[in-house]
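Summary of the model geometry
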Amino acid sequence: MYRPRQVFVKSLSDIGHARVPTEFVAGTFAMMALAPRHQFQVLTRRPRRLRPRRSAPQSVMR
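Below or above, wherever it landed, is the structure these notes cover. Since the structure is predicted, the reported quantities are computational estimates derived from the model, not experimental observations.

**Concerning the side chain of Asp14**
One can find Asp14 in the loop between β1 (6-9) and α1 (22-33). Of the residues examined, Asp14 reaches a relative accessible area of 12% and is grouped as buried. Only 3.2 Å separates the side chain of Asp14 from the backbone nitrogen of Arg45, close enough to count as a polar contact. Reaching out from Asp14, the side chain makes a polar contact with the side chain of Arg46 at a distance of 2.4 Å.

Quick look at the structure:
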């Protein structure tokens, strides 16, 4: 078994950017929900676009 890691999501871009497809964002959050042992850090300059995803898994740092 692998030990828990801290993962910085989309470190070289902004997951909240308008050009990032909604399906990609949804898939990213779904994948984070499948890996609760890891801690995910999501950084964005556009938090309003991600606000509907407030029900993010506990492993996502806010």
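**A short note on the nonpolar core**
By size, the foremost hydrophobic cluster in this structure holds 10 residues: Val9, Ile15, Val20, Val25, Phe29, Met32, Ala35, Phe40, Val42 and Leu50. Taken together, the elements giving at least two residues each to this core come down to α1 and β2 (39-42). Of the residues forming this core, the biggest block, 3 residues, is contributed by α1. Contacts of Ile15, omitting those with residues within four sequence positions, involve Val9, Lys10, Val20, Val25, Thr28, Val42, Arg49 and Leu50.

**Here's the deal with the environment of His17**
The residue His17 is located in the loop between β1 and α1 in this model. A C-alpha to C-alpha distance of 7.9 Å links His17 and Arg49, two positions 32 residues apart in sequence. In this view, His17 contacts Arg46 and Arg49; residues no more than four positions away in its chain are not counted.

Reading the values: rules and limits
Residues numbered from 1 in each chain as written. Predicted model: local features only at pLDDT ≥ 70, side-chain atom pairs only at ≥ 80, totals over all residues. Heavy atoms only, no water. Helix = DSSP H or I, 4+ residues; strand = E, 2+ residues; numbered from the N terminus. Buried < 20%, exposed > 50% of the residue type's maximum accessible area, 1.4 Å probe, protein only. Polar contact = N/O pair within 3.5 Å; in protein donor to acceptor, adjacent residues only side chain to side chain. Core = buried A, V, L, I, M, F, W, Y, C linked by side-chain atoms within 4.5 Å. Contact = heavy atoms within 4.5 Å.

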